[in-house]
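# Structural features, examined
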Amino acid sequence: MSIYAKVEKGPAIEVFALTQAFKDDSNQNKVNLSVGAYRTDSGAPWVLPVVRKTEIKIASDEAVNHEYLPVTGLETFTSAATELVLGADSIAIKENRAFGVQTISGTGALRVAAEFLHTQLNRNVVFYSNPTWENHHKIFADTGFTSLYSYRYWDQGKRQLDFKGMLADLDQAPPGAVIILHACAHNPTGIDPTQEQWKEIADLMEHKKLFPLFDSAYQGFASGDPDRDAWAVRYFVSRGFELLTCQSFAKNFGLYCERAGNLTVVQQHASTKPAVHSQLTLIIRGMYSNPPAYGARIVSTVLNTPELRQEWMDCIKQMSSRIREMRALLRDKLVALGTPGNWDHIVNQIGMFSYTGLNENQVRYLIKEYHIYLLKTGRINMCGLNTGNIEYVAKAINAAATAGSNVSCPCDNKL
């Protein structure tokens, strides 16, 4: 008997299974609203023009080679990424209390962060929002965290942030617990705390001595303004928190497959930097040795070249504005169709995703009857909508909301 014979088949990863089902579907009206990737109004992937220009520039540079990067990555990339999230005028950067290490996108940053927190700081308790990005639990559980909890976040009835529930749950967290916070464009709900609410969250976490870990996957991409999207992280730093921020450049640079990420560390004193940096180096060395160069070179070149950086800013404004346009169009079409309930939450949300409020029966109905692919939670990627399919999708959602007892209305606050 093979030594592998008793290995059980694991469950499919939903978003990738849906993407494959979409590819295999021959229906001409099919729509993929599942995978978190930007699409143009024609439904095609978009290589940012500034990225394409930079790729050509790098490929044409005879001085560029394929030697290993340092274990903690390309320094011009990590410094630019750290400055992007903390701000050029960050006191933590000026006092040498902040630094970054390159990771394999945001997922790699989270895994390195979890390893460091668990092995070096003896942290074993983590809280994440309910709902959250489904990989948060797996990353921390696989790292060795044994006390994993969720805090209330989404109010299904009101289609808004359950702020009181969030604070109540965080108030129950023990001192030293790691709290995963979405820096902006919360995945999957698209609902963020207001600045005043962030201040209350900071007050509570300071009082309870909780440790903030920010997941920043959409900086700039969410609002079109990188400074606005980094407000929460910068506010916590200004309050004197020590924290970690996990950055991804998949969305805001369109570098999905290049896996360019950064883990930013903020400390109270510069004196701890050498030891912390050395332990992160050893973690990365034992995990994947050193990171890939290509994506980091692209981001570094763009962020460190003023004219290219401005072109990138124009690109993220274009992407974020198209998403806002789709939000408004979808809401307006649902209202025009007389779809039961209030759909204002769609335009009140921000970023790539919308937590529609559709239930699992309605999701199955949309997939089966209309070939519209979305997660069972009702989360949709707004970038999958365009002027060519939005009317079809709106009519399908309207049908799902009014299809009878087995497909109940997603927006009836009495449910």
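Read on for a plain summary of the structure. (Residues numbered from 1 in each chain as written. Predicted model: local features only at pLDDT ≥ 70, side-chain atom pairs only at ≥ 80, totals over all residues. Heavy atoms only, no water.)

## Side note on the overall build of the protein
Secondary structure assignment for the protein yields 16 helices and 13 strands. Structurally, the protein occupies a C-alpha span of about 65 × 60 × 55 Å along its principal axes. At a minimum sequence separation of 6, the contacts of the protein that also span at least 24 residues come to 75%. For the protein, the exposed surface amounts to about 18800 Å²; the carbon and sulfur share of it is 51%. (Helix = DSSP H or I, 4+ residues; strand = E, 2+ residues; numbered from the N terminus. Contact = heavy atoms within 4.5 Å. Areas by Shrake-Rupley, 256 points an atom, 1.4 Å probe, with all protein chains shown as cover.)

## Considering the sheet that holds strand 7 (residues 178-182)
Taken in spatial order, the seven strands make up an open sheet running 2-10-9-8-7-3-4, and their pairing is mixed. Lying at the two open borders of the sheet, with one neighbouring strand each, are strand 2 (98-104) and strand 4 (147-152). For this sheet, the mean angle separating the axes of adjacent strands, direction not counted, is 25 degrees. Where strand 3 (residues 125-130) and strand 7 come together, two bridges link them in parallel fashion. Bridge pairing links F127 to I179 in strand 7. (Pairing = 2+ DSSP bridges. Axes fitted to C-alpha atoms, helices over the stretch in contact; angles between N-to-C directions.)

## A closer look at the nonpolar core
Counting 59 residues, the largest nonpolar core has Y218, F253, W312 and L330 as the members making the most contacts within it. Filtering out sequence-adjacent residues up to four positions away, L330 remains in contact with I346, I380, M382, L385, I390, A394 and I397. By size, the runner-up hydrophobic cluster in this structure holds 36 residues, among which are L161, A183, F214 and Y355. (Core = buried A, V, L, I, M, F, W, Y, C linked by side-chain atoms within 4.5 Å. Buried < 20%, exposed > 50% of the residue type's maximum accessible area, 1.4 Å probe, protein only.)

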